[in-house]
Amino acid sequence: MIRKLFLIVLMLALLSAFAVSAQDEAQYAGLDMDLSGITIKMANIGGGQYEVMYDAISIFEEATGATVEIVALLDGFAIDQKLKVDFATGAADYDVAWDHTSFVAQYTPFLLPLQDYFSEEELAPFSPAILDAATIGGDLFLIPRHADISPIHYRKDLYEDEAIAAAYMDATGEALTVPTNLEEIDRQARFFVDNGHSTLGYTLAGKEEALTGRFYEMHFASGGSLFDENYEPTFNDDIGVAVAELLAGWYADGVIPSDTTSLLWDGVAQYFCNNDVAIKLEWYGWYAYFQDPDSCAVAGNFGLARGFTGLSVGGDAVRPSGWAGAHAFSVPATAPNPQAGVQLIKFLSSERVAYEEALLGFLPTRGDVWDRIIADASDAENPLDRERLELARIQVGEDFKTPPLIAEWIPFSNIFYPHLQAIILGDVSAQDGLDAAAAETREMMADAGYY
Amino acid sequence: MAANSNSPAQKENQARFAAVNRIEAGFFPFAMISPAVILILLVVGFPLLYSLYVSFTPYELLKPNSLNFTTARALRNYQKLLNDEIFWRSLLNTIIFLAVTVNLSYVISLALSQLLARVTVGQSVLRTLLMVPMMFAPILVGMQFRWFFNANLGLVNNFLISVGLIQEQGQIAWLVDVPLGMITIIIASIWMNIPVMTIILLAGTLSLPSETFEAAEVDGASGWQKFRFITFPLLAPFSYIALTIMSLDIARAFDIVRIMTDGGPARRTEMLWTYITRLAIEDTKFGLGSAMSWITVFLSVLFTLYFFRQLVKARIVQ
């Protein structure tokens, strides 16, 4: 009798535990509609870790009866070009398109507003700051996939070495601590290079929108703004000149790599991976790569800190950096099956799929997924795994700052970055280069009807 | 019967049939080639004319309403380009690139073709090896050479460091510095162009009449004299064909430039093709991009006309 009672209690306990865990498990969404016979076409970002998410699509196909056809897998800049051409020629015959907060403003006439397809409940888990960036003229054009923002990455060995710290104190009269502003970064990066502690002091992407964005970030952190309220260029102010001179000085003095102006994200990451760089601001998405000892010499030898504040030339307006954006999904206005496309987006942005993608190192855009991954990391072997997530959540919540959400962002960037490159390479002075960029920008904005 | 066959009515009929036959004979070749002509007009002619029309409009890809022609602003794109310093710089870069690449490719190909024409053992293996660069798409050539010349991980810098010619801190920024950026692109393009040019010149060399050379040998001409006064002049038609093909085909280098430097940094290697792409696709200013394309077409036509004139002259001389 006692044995039977024990078995019943045990079974009940197991059942309740199972029920709780099932309820606690992250859930899929978008599977509640019969889409038999419908083929959903999607144009996606491809490459590396981005494509892991698409493995989950078979679950969606099985549950809804739909067939998903991926018509493009391109990098972000290539897919931006494809979307522009397809929208212009009316060839966007797909139901879901990759999108980004930095690019969406130029596509809005060709996208379907999504607010009527998503309930408040469905949107509630997403970060309000990111949904704000996804909303233009009162219409929601994006459903976020994952976020991008950068913390400071620094080599721990340089900050834990007492001899280096003492030498730094002798040289500058300051304690060697992880930098919090651009002036400290400047002093420390130069010190590490000049005294042979590190091959390079700092790195940054040096071309295309990547360079424009990094300048925007440094300028913003120093209290500046690219444009005024009338969209007149203001980046050639004293703050802009100070930032540009800082970059030019770093290049001239070998603080940043000699091929900086050829570097995009992968090149920048490679320098840090090789343990050649003391400090840099970098996206969170590279974390797993940097921590892999088979790939990177810097594995286990780096720490993370909140993005820097800017140069003191900005006075009281100095604030934390936070150039940010989010990868997302959109539905083209010409989509043959918009409702089916929306269902697929609901599935791909669901808690479960977002959680699985966050496990790869991407920053989630949903609060419920943040809770899960931080809880998962609480007993992680490496404390940095947890610290990283806590820091990222703060940055996404408090420092998330998109570039101006205007259709002219990329054309502006294409005008601006070659001038900044010329300044960095020493071809032209900071003031002359920024003035020339401002004049061209003004002409472009005037052509676009801003004034 | 014979009288009937010579009747005025019959003569008139015969004359009519003969006229019809003449017309048919004249019409027949045109009828046969008309499908191809119509296809070419549709596939090539229409887009060309359409892009000419677009070049006179302020058309932007993502603003469909901007595709409207007004007399008042018809020439604005062309005016804008003529006042655009970047356009002139990219034109100059393109001319430098084209002149150096085509001429150096020609000199190297000419030398290779003369050597290959004299090889008696393993000729087919050598010719096959020569064609290896042709098997690579330009985009792959660009990626390969970008890796060779990468400052951090590149083959060239690592070799120079390993033999002690440069220090690790003094890595050469091949794709950045002036004029190294342009030189690296030229090297990659030459590598890609040499096979086609060499094959044309080799074919030309092998087709030259042997009697002329035998007579020169009897007269005691040296090897250099034979090359200078017989081979080189006789190869002129082949040279002009090779140079014309290469000049027109050089636009394939777009992928190489795009991958290796993308016209940068600071527009140091900006060429017409990269600038057109930036304007038309990335900045969506399709009207402006079309205008620039038409200026490029105009220059290409001038270039081709010049080479064809030289070709005709060379044939007349022979």
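Rules behind the numbers
Residues numbered from 1 in each chain as written. Chains lettered and ligands numbered in written order. Predicted model: local features only at pLDDT ≥ 70, side-chain atom pairs only at ≥ 80, totals over all residues. Helix = DSSP H or I, 4+ residues; strand = E, 2+ residues; numbered from the N terminus. Rg over C-alpha atoms; globule rule 2.2 N^0.38 Å. Contact = placed C-beta atoms within 7 Å. pLDDT = per-residue confidence, 0-100. Axes fitted to C-alpha atoms, helices over the stretch in contact; angles between N-to-C directions. Parallel < 35°, antiparallel > 145°, perpendicular 65-115°, else oblique. Left-handed = near helix turned anticlockwise from the far one by under 90°. Nonpolar A, V, L, I, M, F, W, Y, C, P; charged D, E, K, R; others polar. Buried ≥ 20, exposed ≤ 12 C-beta atoms within 10 Å, placed from the backbone. Pairing = 2+ DSSP bridges. Domains from an automatic or database assignment. Expected span 1.5 Å × (residues − 1).

Caption draft 1: Just the overall build of chain A, in detail. Broken down by element type, chain A carries 19 helices and 11 strands. Its C-alpha atoms give chain A a radius of gyration of 24 Å, near enough to 22 Å, the size a compact globule of 451 residues would have. With the C-alpha coordinates aligned to their principal axes, the bounding extent of chain A is approximately 80 × 65 × 40 Å. Relative to all contacts within chain A whose residues are 6 or more apart in sequence, the contacts with residues 24 or more apart total 76%.

Caption draft 2: Structural context of the overall build of chain B. The helix and strand tally for chain B stands at 14 helices and zero strands. Helices and strands appear in chain B in the N-to-C order α-α-α-α-α-α-α-α-α-α-α-α-α-α. Relative to the compact-globule value of 20 Å for 318 residues, chain B shows a C-alpha radius of gyration of 28 Å, a clear excess of over 25%. With the principal axes as the frame, chain B shows a C-alpha extent of 105 × 75 × 30 Å.

Caption draft 3: Representation of the confidence of the model for chain B. Residues and elements named next belong to chain B. Overall, the predicted model of chain B reaches an average pLDDT of 88, with 97% of residues at or above 70. At the low end of the mean pLDDT range in chain B sits helix α1 (residues 2-5), at 49; at the high end sits helix α8 (residues 180-206), at 94. Across the predicted assembly, pTM comes out at 0.84 and ipTM at 0.79.

Caption draft 4: Region of interest: the packing of helix α6 (residues 138-148) of chain B against α8(B). All names here are of chain B. Look at α6 against α8: their axes get within 10 Å of each other, and the N-to-C directions meet at 135°. Put simply, α6 runs oblique to α8. In this structure, α6 crosses over α8, and the sense of that crossing is right-handed. On the side of α6, the interface is formed by Pro138, Val141, Gly142 and Phe145, while α8 contributes Thr184, Ile187, Ala188, Trp191 and Met192. Each residue belonging to the contact of α6 with α8 can be placed in one class, and the counts come to seven nonpolar, two polar and no charged.

Caption draft 5: Broad picture of the pairing of strand β3 (residues 96-100) of chain A. All names here are of chain A. When you tally the buried positions in β3, you get five out of five residues, the bulk of the element. Burial along β3 is two-sided: Val96, Trp98 and His100 facing one way and Ala97 and Asp99 facing the other are all buried. The pairing of strand β1 (residues 39-45) with β3 spans two bridges and is classified as parallel. Considered in β3, the bridge of Ala43 is made with Ala97. Where β3 and strand β11 (residues 325-330) come together, four bridges link them in antiparallel fashion.

Caption draft 6: Geometry of the sheet that holds strand β8 (residues 200-203) of chain A. Residue and element names in this part refer to chain A. Taken in spatial order, the four strands of this open sheet run β8-β9-β7-β10, and their pairing is mixed. Strand pairing shows two members of the sheet lacking a second neighbour, β8 and β10 (302-305), which therefore form its edges. Taking the axes of each pair of neighbouring strands and ignoring which way they run, one obtains an average angle of 20° across the sheet. For β8 and strand β9 (residues 277-281), the ladder comprises three bridges, and the chain directions are parallel. Directly across from Leu200, in β9, lies its bridge partner Val277.

Caption draft 7: Geometry of unusual backbone geometry. A cis geometry characterises the amide bond from B:Val178 onward to B:Pro179, with omega recorded as 0°. Turning to its location among the elements, B:Pro179 is positioned in the loop between α7 (155-162) and α8. Residue A:Tyr231 is not a glycine yet carries a positive backbone phi of 60°. Residue A:Tyr231 is classed as partly exposed on the basis of its C-beta count, with 19 C-beta atoms lying within 10 Å. A positive phi is found at A:Asn275, a non-glycine position, where the angle reads about 70°. For A:Asn275, the position within the fold is in the loop between α12 (265-273) and β9.

Caption draft 8: View of the interface of chain B and chain A. Every contact between the two is made by 20 residues of chain B and, on the other side, 24 residues of chain A. Looking at side-chain class alone, the side of chain B that touches chain A contains 10 nonpolar, five polar and five charged residues.

Caption draft 9: Fine view of the domain arrangement of chain B. All names here are of chain B. On domain assignment, one finds that chain B holds domain 1 (2-55) and domain 2 (75-317). If you average the C-alpha positions of domain 1 and of domain 2, the two centres end up 43 Å apart. Listed per partner, the contact involves four residues of domain 1 and seven residues of domain 2. Along the lines of polarity and charge, the residues of the side of domain 1 that touches domain 2 split into two nonpolar, two polar and no charged.

Caption draft 10: Summary view of the sheet that holds β1(A). Residues and elements named next belong to chain A. Taking strand neighbours across the sheet as the criterion, the five strands line up as β2-β1-β3-β11-β6 in an open arrangement whose pairing is mixed. A strand with exactly one partner marks an edge of an open sheet, and here the two such strands are β2 (67-74) and β6 (143-148). Sheet twist, expressed as the average angle between the axes of neighbouring strands with direction ignored, equals 20°. Across the face of the sheet, helix α14 (residues 338-348) comes into contact with β1, β2, β3, β6 and β11 while running at roughly 50° to β1.

Caption draft 11: Here's a closer look at helix α3 (residues 76-89) of chain A. Relative to the 20 Å expected for 14 residues at 1.5 Å per residue, α3(A) spans 20 Å between its end C-alpha atoms, a close match to the ideal helical length. Looking at the buried side of α3(A), the elements it contacts are β1, β2, β3 and α4 (104-107) of chain A together with α13 (272-282) of chain B. Phi turns positive, to about 70°, at A:Gly90, one or two residues after α3(A).

Caption draft 12: Structural view of the domain arrangement of chain A. Residues and elements named next belong to chain A. Segmenting chain A into domains produces domain 1 (25-148 + 325-399) and domain 2 (152-323 + 408-447). Placing a centre on the C-alpha atoms of domain 1 and another on those of domain 2 gives a separation of 30 Å. Tallying the contact residues gives 16 residues for domain 1 and 14 residues for domain 2. Of all the secondary-structure elements, those providing two or more residues to the side of domain 1 that touches domain 2 are α4 and α17 (383-399). The element best represented in the side of domain 1 that touches domain 2 is α17, accounting for seven residues. Among the residues making up the side of domain 1 that touches domain 2, the classes are represented as eight nonpolar, four polar and four charged.

Caption draft 13: Region of interest: the environment of A:Tyr94. All names here are of chain A. You can see Tyr94 is positioned in the loop between α3 and β3. C-alpha separation for the pair Tyr94 and Val396, spaced 302 residues apart in sequence, amounts to 31 Å. With near-sequence residues (within four places) excluded, Tyr94 lies in contact with Lys41, Met42, Ala43, Val71, Pro332 and Ala335.

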